[in-house]
Amino acid sequence: MARMTQEEHYMREAIRLAKKASALKEVPIGCVIVHDGKIIGRGYNRRIIDKNVLAHAEIAAMRKACRVLGDWRLEGCTMYVTLEPCPMCAGAIVQARIPKVVIGCMNPKAGCAGSVLDMFHEDGFNHQVETEVGLMGDVCSQMLKDFFKELREEGKRKKKEEKAREAGGSEESGAGVSGHHDPDDSVHKSENGN
């Protein structure tokens with residue numbers, strides 16, 4: 001087996017954090033920020049848990065990295081993130097002067113490192129961000145696909161349960177409050193073989 005590169009090690013840590021988000025039923029996005037070969041900021045999506053639109057993985061990681069460095073500028077840092085940053089996060093990355101962002105997979109519906117917009121290479125900004133795309137991209141992409149597939153399946157299950165409750169409610173209206181079957185009911189008899 002090939003030895004893991006340093007970059008893969010950092011992205012694997014971002015993936016581990018994304019899995020923490022997924023366990024909380026949050027979109028699985030994880031992020032780490034590295035300075036001088038050391039992880040100084042970690043974050044994962046917590047929008048639902050924190051009830052906060054700003055609780056994205058990248059913002060959480062930048063907050064922590066800024067505290068560690070004692071500065072709002074994150075010059076000399078590299079960010080590793082499992083999904084291409086949204087407009088808010090891309091803007092914050094540019095503002096923080098992060099020189100390089102390594103992205104696991106692209107986000108064709110909301111990404112701002114080249115998918116929908118490219119805020120990292122906007123000539124009008126005073127800071128440009130070097131990007132590397134696709135590091136462990138298959139793993140990052142599959143994690144998101146699995147998450148959204150499970151979310152859709154859960155939604156279908158809930159709709160089915162709701163329909164069953166509604167149907168059961170109308171049937172139960174003739175069967176009494178408890179919803180138990182009458183022992184003389186033909187359905188009950190057929191289930192017991194009587």
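Up top is the structure these notes are about.
Residues numbered from 1 in each chain as written. Predicted model: local features only at pLDDT ≥ 70, side-chain atom pairs only at ≥ 80, totals over all residues. Heavy atoms only, no water.

### Overview of the overall build of the protein chain
Here is step 1 of the chain: In terms of regular secondary structure, the protein chain is built from 6 helices and 5 strands.
Here is step 2 of the chain: N-terminal to C-terminal, the α/β element order of the protein chain is α-β-β-α-α-β-α-β-β-α-α.
Here is step 3 of the chain: Out of the 194 residues belonging to the protein chain, those deemed buried represent 39%.
Here is step 4 of the chain: Counting only contacts in the protein chain whose residues sit at least 6 apart along the sequence, the fraction spanning at least 24 positions is 57%.
Here is step 5 of the chain: Working note: accessible area of the protein chain is about 11800 Å², and carbon and sulfur atoms make up 52% of it. (Helix = DSSP H or I, 4+ residues; strand = E, 2+ residues; numbered from the N terminus. Buried < 20%, exposed > 50% of the residue type's maximum accessible area, 1.4 Å probe, protein only. Contact = heavy atoms within 4.5 Å. Areas by Shrake-Rupley, 256 points an atom, 1.4 Å probe, with all protein chains shown as cover.)

### Things to note about unusual backbone geometry
Here is step 1 of the chain: If you check the backbone angles, Asp 36 has positive phi at about 50° while not being a glycine.
Here is step 2 of the chain: Take Asp 36: it is sitting in the loop between β1 (30-35) and β2 (38-44).
Here is step 3 of the chain: In the Ramachandran plot, Lys 51 falls in the positive-phi region, its phi being about 50° despite a non-glycine side chain.
Here is step 4 of the chain: Within the element layout of this structure, Lys 51 appears in the loop between α2 (47-50) and α3 (57-69).
Here is step 5 of the chain: For Lys 51, a relative accessible area of 75% puts it in the exposed group.

### Let's talk about the sheet that holds strand β5 (residues 130-133)
Here is step 1 of the chain: Pairing in this open sheet of 5 strands is mixed, and the strands run β2-β1-β3-β4-β5 from one edge to the other. At either end of the open sheet lies a strand with only one pairing partner, and these are β2 and β5. Mean inter-strand twist for the sheet, computed between neighbouring axes without regard to direction, equals 20°.
Here is step 2 of the chain: In terms of strand pairing, β1 meets strand β3 (residues 77-83) through 5 bridges, oriented antiparallel. Residue pairing for β3: Ile 33 is matched across the bridge by Met 79.
Here is step 3 of the chain: The strands touched by α3 within the sheet are β1, β2 and β3, with β2 carrying the most contacts at an inclination of about 145°. (Pairing = 2+ DSSP bridges. Axes fitted to C-alpha atoms, helices over the stretch in contact; angles between N-to-C directions.)

### Overview of helix α1 (residues 6-23)
Here is step 1 of the chain: Here α1 spans 26 Å end to end across 18 residues, near enough to the 26 Å set by a 1.5 Å rise per residue.
Here is step 2 of the chain: All of the buried residues along α1 are Tyr 10, Met 11, Glu 13, Ala 14, Ile 15, Leu 17, Ala 18 and Ala 21.
Here is step 3 of the chain: Phi for Lys 25, located one or two positions after α1, is positive at around 65°. (Expected span 1.5 Å × (residues − 1).)

### Structural notes on the nonpolar core
Here is step 1 of the chain: In terms of nonpolar packing, the biggest core is built from 49 residues, with Met 11, Ile 33, Met 62, Met 79, Ile 98 and Val 101 touching the most fellow members.
Here is step 2 of the chain: Mapped onto this core, the elements with two or more residues apiece are α1, β1, β2, α3, β3, α4 (87-95), β4 (100-105) and α5 (137-172).
Here is step 3 of the chain: The leading source of residues in this core is α1, at 7 residues.
Here is step 4 of the chain: In contact with Ile 33, not counting residues within four places along its chain, are Lys 38, Ile 39, Ile 40, Gly 41, Ala 61, Met 62, Ala 65, Leu 74, Cys 77, Thr 78, Met 79 and Ile 98. (Core = buried A, V, L, I, M, F, W, Y, C linked by side-chain atoms within 4.5 Å.)

### Concerning the pattern of salt bridges
Here is step 1 of the chain: Counted under the stated rule, the structure contains 10 salt bridges.
Here is step 2 of the chain: Of the charged contacts, one joins Asp 50 and Arg 46 as a salt bridge, the two residues approaching to 2.9 Å between their closest N and O atoms.
Here is step 3 of the chain: Residue class for Asp 50 comes out partly exposed when judged on its relative accessible area of 37%.
Here is step 4 of the chain: Between Glu 162 and Arg 165 there is a salt bridge, with its nearest N and O atoms 2.7 Å apart. Taken together, the positions of Glu 162 and Arg 165, both in helix α5 and 3 residues apart, correspond to about one turn of that helix.
Here is step 5 of the chain: The class for Glu 162 is partly exposed, based on a relative accessible area of 35%. (Salt bridge = Lys/Arg side-chain N within 4 Å of Asp/Glu carboxyl O.)

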